[in-house]
Amino acid sequence: MPIDEDILHDLMHRATEDVHASPDVAATIAGDRRRRHLRTRALGVTVTGIAAATAVGVAAVAAGTGKPTTPTAQKDGTTKSTIILTASERVLHRLSVTAAAGKSAPSGRYVVMSELEYPGPDRRTTIIDSKTGDLWTFQSGKGIPSTFPESVKGSPTAAQYAAYPTSLSALRSVLIKQATQEQAAAWRVQVKAAKFKDPKNWRQVLQEIKKDEPKETTNDLVFSQAAYLLWNPLVTPSLRSALFKLLAATPGVVVNAHARDDSGRPAVEISRFDKQADYTNAVYERPDASQVLETASIEPARKPAHGLPGEKAVTYSDIYLKIRSTNKLPTKNPYKA
């Protein structure tokens, strides 16, 4: 009995190196959730996660920095505590202020993104319909198809992004809830795929996989979700501004204000090591806070596990060379003469 269409769709959206996977590798994806990739998750924000953003009826979680304070004597004899900001936090707050004053979402209905993807390098053009969330992909690279079929609701819409809260406590709460919903949905796919692949021993297979699942903290989830949201050009200036503030309030975030992306452009590198999942996520932001220039997932070498071969250390990255918008859906493959 074949895997039903919705499971296969989910499996293919959790490809190890791209938002799309070729059919011949889709069957192996369920058994390997170790690899992460910013781009894969960025386009895969679930409908339930979006719903959580528009109905914040859950208890808000405080997003305090946890930083030490310095008491300062006042003229009336009292003292006032001042939070000490680190250099990284100051950079993120500056980006927050700059982002808030930035341009609104793209004026055209369709956003067209020209990219380079590594390992490769592969060239790719992604088109997002800001009204429906549907997307199309053209690409050029060794051993990969040149086009992909339309991915219905592959991205949140501009309206859905506009519905996210921007207060730090509410936004933090939404991102945590969104992450846990995505994890639950991914596990349901795992269960169905394991039953299909090994009907007799599927419970044992899942138990072994469960042992290897990282127990990520809420701070791990907040950083990964915030980084994934920053990537999409449909995110509003107010939400981008709030995300930078939230990153400043999240422990473990490292900022390099004088970095460069892999194409050599000046950038602010924002990264965090996820100790539980054992990988580092990085976002390279334009210094004017208007656009993410590159996203990267840095994976260490891994030993063989669960019948899967070992892996060398590798960095998966997407470099966004150009982003434009248009009211006419581009249908011509730019990589074909």
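Whatever comes next refers back to the structure up there.
Residues numbered from 1 in each chain as written. Predicted model: local features only at pLDDT ≥ 70, side-chain atom pairs only at ≥ 80, totals over all residues. Heavy atoms only, no water.

**Structural notes on the environment of I144**
No. 1: Among the secondary structure elements, I144 is positioned in the loop between β5 (135-140) and β6 (147-151).
No. 2: With a relative accessible area of 29%, I144 lands in the partly exposed category.
No. 3: Expressed as a C-alpha distance, the spacing of I144 and D122, which sit 22 residues apart in the sequence, is 9.0 Å.
No. 4: Apart from the residues within four sequence positions on either side, I144 is in contact with D122 and Q139. (Helix = DSSP H or I, 4+ residues; strand = E, 2+ residues; numbered from the N terminus. Buried < 20%, exposed > 50% of the residue type's maximum accessible area, 1.4 Å probe, protein only. Contact = heavy atoms within 4.5 Å.)

**Remarks on helix α10 (residues 237-248)**
No. 1: Taking 1.5 Å of rise per residue, twelve residues should cover 16 Å, and α10 covers 17 Å from first to last C-alpha, within 8% of that figure.
No. 2: Counting buried residues along α10, ten of its twelve residues qualify, which places the element largely inside the surrounding structure.
No. 3: Taken as a whole, α10 has its buried residues at P237, L239, R240, S241, A242, L243, F244, L246, L247 and A248. (Expected span 1.5 Å × (residues − 1).)

**Thoughts on the pairing of strand β9 (residues 279-285)**
No. 1: Burial of β9 is extensive: seven of the seven residues sit out of reach of the surface.
No. 2: Residues Y279, N281, V283 and E285 line one face of β9 and the alternating positions T280, A282 and Y284 line the opposite face, and both faces are buried.
No. 3: Where strand β8 (residues 266-274) lies against β9, seven bridges are found, and the strand directions are antiparallel. When the sheet's bridge partners are listed, I270 is paired in β9 with V283.
No. 4: The turn joining β8 and β9, which pair antiparallel and follow one another in sequence, is formed by four residues; a positive phi near 60° is taken by D278.
No. 5: Between β9 and strand β10 (residues 292-299), which follow one another and run antiparallel, lie six residues, and A289 among them has a positive phi close to 60°. (Pairing = 2+ DSSP bridges.)

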